[in-house]
Amino acid sequence: MQATQSAPLTIRKVAVCGAGVMGAQIAAHCVNAGVPVVLYDLAASEGGKSAIAQRAIGQLKKLNPAPLGVNALAELIIPANYDEDLGLLAGCDLVIEAIAERLDWKRDLYQKLAPALNSHAIIASNTSGLSITALSDALPEALRHRFCGIHFFNPPRYMPLVELIPTATTEAALLDRLETFLVSQLGKGVVRAKDTPNFIGNRIGVFGILSVFKQAEAFGLPYDLVDDLTGTRLGRAKSGNFRTADVVGLDTMAHVINTMTDQLSGDPFHAHFVVPPVLAALIEKGALGQKSKAGFYRKAGQAILRLDPATGEYVPADGAADDVVKDILKERDATKRLRALHASSHPQAQFVWAILRDIFHYSAVHLADIADNARQLDEAMKWGFGHQQGPFEIWQAAGWREVAGWIAEDIAAGKALCAAPLPQWVTEGAVWDKQAVHTPEGSFSPVTGTYQARSALPVYGRQIGAPRLVGEGPAITPNVVYENDAILCWTLPTPHPQDVLITSFKTKMHTLSPDVVRGIVHAVDLAEASYRAMVIGQLEDPFSAGADLKAMMPVFMAGGVKAVEPIQREMQDMVMRLRYAQVPVVAAVAGLALGGGCELSVHCARRVAHLETYIGLVEVGIGLVPGAGGMTFCARRAAQIQAQSAPEAPLLAIAKDFVMAVATARVSKSALDAREIGYLRESDPIVMNRYELLYVAVREAANLAEQGWRAPLAARFPVAGRDAIATLKAQLVNMRVGGFISDYDFQIAEKVAYVICGGNVDPGSLVDEHWMLKLERDAFLSLLANPKTQARISGLLQTGKPVRN
């Protein structure tokens, strides 16, 4: 008898059915993670049967923000069609349906797919709100236990949230396997939602958007002013309410609202589930937002205009919150902030209180219907809508009982959108007694009346420092080894390895101040004395925004270039100390790694990088060149690449790429792009989940030590020399003549070429690191003495924006 094939422990290959905007981008994110993927669509009538999927794959290269880590990955997506290629499904462990939101179309597709699925494949729908149970009815009964909802948020590469929605028959082990894959392999934040219309994220988020429409009209506030109030000032996405609607697509927004209208007739807030007239009018005119270049906003040349609903015309978008309201929203104490908003008679403050009250009210009324506990709702809003805190977090931080009383008063006074009272769990029992929905023990579930702990799935044991909700307590308690105002040296708590020292920075944006530089050297001393390895990494992004210019400029102003030279030498000495440390040092890189942050990381024994890592040597933007070993690295790495991979290629051809990357201040668009530039190597692991970064980095460092890692021996290496400098200079002249760089950019780029090519030496001359570091220092200090560089630095420090001169 033939043995039954068991399900693999991981998802080896994925099929995405539907090559529209979401389907194609889900496929793109799979290949970002190294997961093979087949992208299906209908058979085309011309240009080859898979032409529709092929066009969608080609379009991925043009989208902004980029769905692909590097465009070359598009070639790894296999285009397919339902007429010829259903046989490919046999090799797929996960099949994601992402076609249009038509129940009948989806059911027809499932009937077509079902016979081709293998015996263990998971089939899941990316519907944004249709009933998962109703969809499962189209599958043979034998497959229904392998079906669920898997709702990605747009754009899939950047938005963390994925909602998993089971039916009553979905196999529990399948959900665990799928959640593990999504969290670790695709880097997602997973929330399990109940099978209700629009699930959790869109149910709460779209209601919040409708509340903003309603209250903005009630208080007579223009769209640009509302977006200023509902963006970063309120701890939400920078784009605010109406700009976000334009990005999402006004037709998409209307579809989700209509879903609520059609399917939530029993909701006590149902009267407000109506497409606002202004939104309907825009859609009628074909103004669908960003994709049609007009919506609530449109661009006219360099100017941004916003819609005036009274006239239907576009007017300058220059609205901003009044200073008194800005001051209220700046208040860090949540209790004081909400008290001030509630008590204020200012229309803008009243508006902000009203939209917060509405979302508190709605979330409380429906929590039991749509989620297992309050954590799921708050994390859905944070991961899916870019809120810094979820509704219940804000409420709890401000004072549960006091805010509940204000909401109840507004309901009684007819100010709320609905007369539905707050549910009993809000005003009685455990939550009222503890004044908290989130506690160290867990988050409150209205259905069970208990506090539910976080998931015990093993994948979450890999996360170190993942943010916790208000009331949960710290994400991690480090074992402190050494600490001052600049750095923290620590180890992980058990059961993680205790013999790897972690060094984190305490400066703003984790910049490299002189104290941080000295602290890193001290950390290496500690690691060599008492530990097997060392990791440099942060619990929060960025890795490092580079040198601390604010700390350097007073030194320069007081003592000139000579006073800065010792600081620069210390930076160079620090990266060399990392390179030749007697224990392996691993950089755990995520977010920005610019300037000195890049120079630090490339001199470590290994780097572990999150996919969303943006690395670059950007000093030319402030009129300088990299001065802490960055160009020395470029020259040495070019020689290594030639020796290992292209011995017949002229060194200039390899060095040129590094020169242009530095001279144009190129910053990688992902960790995968950083590999192409040369700042990461193939041997440097890339992780998809930001909060697995330290877990992987610590084990990478421990493994290097276990393997008997030794620091490299200092050796001379060949450089491209004066002939290459002349060739590169001619190319830079063309860039200047073409207007791509300014005259001063040319002078700086010329110095970059001079240093990376090793200076005025014969082609192929052997030089050492001391020679290269001296060239770096001379170029750096000569530019620092130039008034144009000083103007660039001063402009950046004063305005936060680069100065072009």
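Residues numbered from 1 in each chain as written. Predicted model: local features only at pLDDT ≥ 70, side-chain atom pairs only at ≥ 80, totals over all residues. Heavy atoms only, no water.

*Asks:* When you look at the overall build of the protein chain in this model, what are you seeing that I'm missing?
*Replies:* The helix and strand tally for the protein chain stands at 29 helices and 23 strands. Scaling as 2.2 N^0.38, a compact globule of 805 residues should have a C-alpha radius of gyration of about 28 Å, and the protein chain matches this with 28 Å. Structurally, the protein chain occupies a C-alpha span of about 80 × 75 × 55 Å along its principal axes. Expressed as a percentage of its 805 residues, the buried residues of the protein chain come to 56%. Taking the intrachain contacts of the protein chain between residues at least 6 apart in sequence as the baseline, contacts between residues at least 24 apart amount to 70%. As displayed, the protein chain offers around 32700 Å² of accessible surface, 53% of which is attributable to carbon and sulfur atoms. Between the mean site of the 76 positive side-chain charges and the mean site of the 81 negative ones, the protein chain shows a separation of 4 Å. (Helix = DSSP H or I, 4+ residues; strand = E, 2+ residues; numbered from the N terminus. Rg over C-alpha atoms; globule rule 2.2 N^0.38 Å. Buried < 20%, exposed > 50% of the residue type's maximum accessible area, 1.4 Å probe, protein only. Contact = heavy atoms within 4.5 Å. Areas by Shrake-Rupley, 256 points an atom, 1.4 Å probe, with all protein chains shown as cover. Lys, Arg positive; Asp, Glu negative; His and termini not counted. Charge placed at Lys NZ, Arg CZ, Asp CG, Glu CD.)

*Asks:* What am I meant to see in the pairing of strand β18 (residues 533-537) here?
*Replies:* Regular strands place side chains that alternate from one sheet face to the opposite one. When you tally the buried positions in β18, you get 5 out of 5 residues, the bulk of the element. Sheet analysis places strand β17 (residues 500-505) next to β18, joined by 4 bridges and oriented parallel. Pairing of L501 across the sheet is with M534, part of β18. In this view, the connection linking β17 to its parallel neighbour β18 by way of helix α19 (residues 514-530) has right-handed handedness. The sheet contact formed by β18 and strand β19 (residues 585-594) spans 4 bridges and is parallel. Looking across to β19, one finds that G537 is bridged to A588. Once the chain exits β18 it traverses helix α20 (residues 549-579) before rejoining the sheet at β19, and the crossover so formed is right-handed. (Pairing = 2+ DSSP bridges. Right-handed = clockwise from strand over helix to strand, strands pointing away.)

*Asks:* Sorry, what's going on with the sheet that holds strand β2 (residues 37-41) here?
*Replies:* By way of backbone hydrogen bonds, the strands of a sheet pair with one another, either parallel or antiparallel. Pairing is mixed across the open sheet formed by 8 strands, whose spatial order is β3-β2-β1-β4-β5-β6-β7-β8. Two strands bound the open sheet, and with one partner strand each, they are β3 (77-81) and β8 (189-192). Shown here is a sheet whose adjacent strand axes are inclined to one another by a mean of 25°, direction ignored. Where strand β1 (residues 14-17) lies against strand β4 (residues 94-97), 4 bridges are found, and the strand directions are parallel. Paired with C17 across the two strands is E97, which belongs to β4. (Axes fitted to C-alpha atoms, helices over the stretch in contact; angles between N-to-C directions.)

*Asks:* What should I look at first to understand the layout of surface pockets in this one?
*Replies:* In this approach a probe as big as a water molecule rolls over the atoms, and the regions it shows empty are the leftover space. Reported here for the second largest pocket is a volume of approximately 1100 Å³. At 6 residues, α20 tops the list of elements feeding residues into the lining of the second largest pocket. The class makeup of the residues in the lining of the second largest pocket is 25 nonpolar, 9 polar and 8 charged. (1 Å grid on protein atoms, 1.4 Å probe; cavity = no way out; pocket = protein on both sides within 12 Å on 5 of 7 lines; lining within 4 Å. Points joined across faces, edges and corners; volume = space filled by probe spheres on them. Nonpolar A, V, L, I, M, F, W, Y, C, P; charged D, E, K, R; others polar.)

*Asks:* What should I look at first to understand the sheet that holds strand β16 (residues 487-491) in this one?
*Replies:* Within the open sheet, the 7 strands sit side by side as β15-β16-β17-β18-β19-β20-β21. Their pairing is mixed. Lying at the two open borders of the sheet, with one neighbouring strand each, are β15 (479-483) and β21 (686-687).

*Asks:* Would you mind showing me how to read the packing of helix α12 (residues 334-343) against helix α13 (residues 347-370) here?
*Replies:* The description of two packed helices rests on the angle between their axes and on the distance between the axes. The geometry of α12 relative to α13 is characterised by a closest axis approach of 7 Å and an angle of 115° between their N-to-C directions. As summarised for this structure, α12 and α13 are arranged roughly perpendicular, according to the angle between their axes. Handedness of the α12/α13 crossing: left-handed. Side by side, α12 and α13 meet where L338, L341 and H342 of the first sit next to A349, V352, W353, L356 and F360 of the second. (Parallel < 35°, antiparallel > 145°, perpendicular 65-115°, else oblique. Left-handed = near helix turned anticlockwise from the far one by under 90°.)

*Asks:* Please clarify how the packing of aromatic side chains should be interpreted in this entry.
*Replies:* Scanning the model with the defined rule gives 22 aromatic pairs in all. When the centroid spacing of 5.7 Å and the interplanar angle of 85° are considered together, the rings of W353 and W406 count as edge-to-face. Of the two residues, W353 is situated in helix α13 and W406 in helix α16 (residues 400-412); the sequence distance between them amounts to 53 residues. Residues W353 and W406 agree in their burial class; the two are buried. Aromatic ring contacts, followed pair by pair, group F360, F392, W395, W400, W425, F444 and Y451 into a single cluster. Directly above the ring of Y451 sits K434, whose terminal nitrogen or CZ lies 5.6 Å from the centroid. Above the ring of Y695, the side-chain terminus of R699 is found at 3.6 Å from the ring centroid. (Phe/Tyr/Trp six-rings, centres within 6.5 Å; stacked < 30°, edge-to-face > 60°. Lys NZ or Arg CZ within 6 Å of the ring centre and 35° of its normal.)

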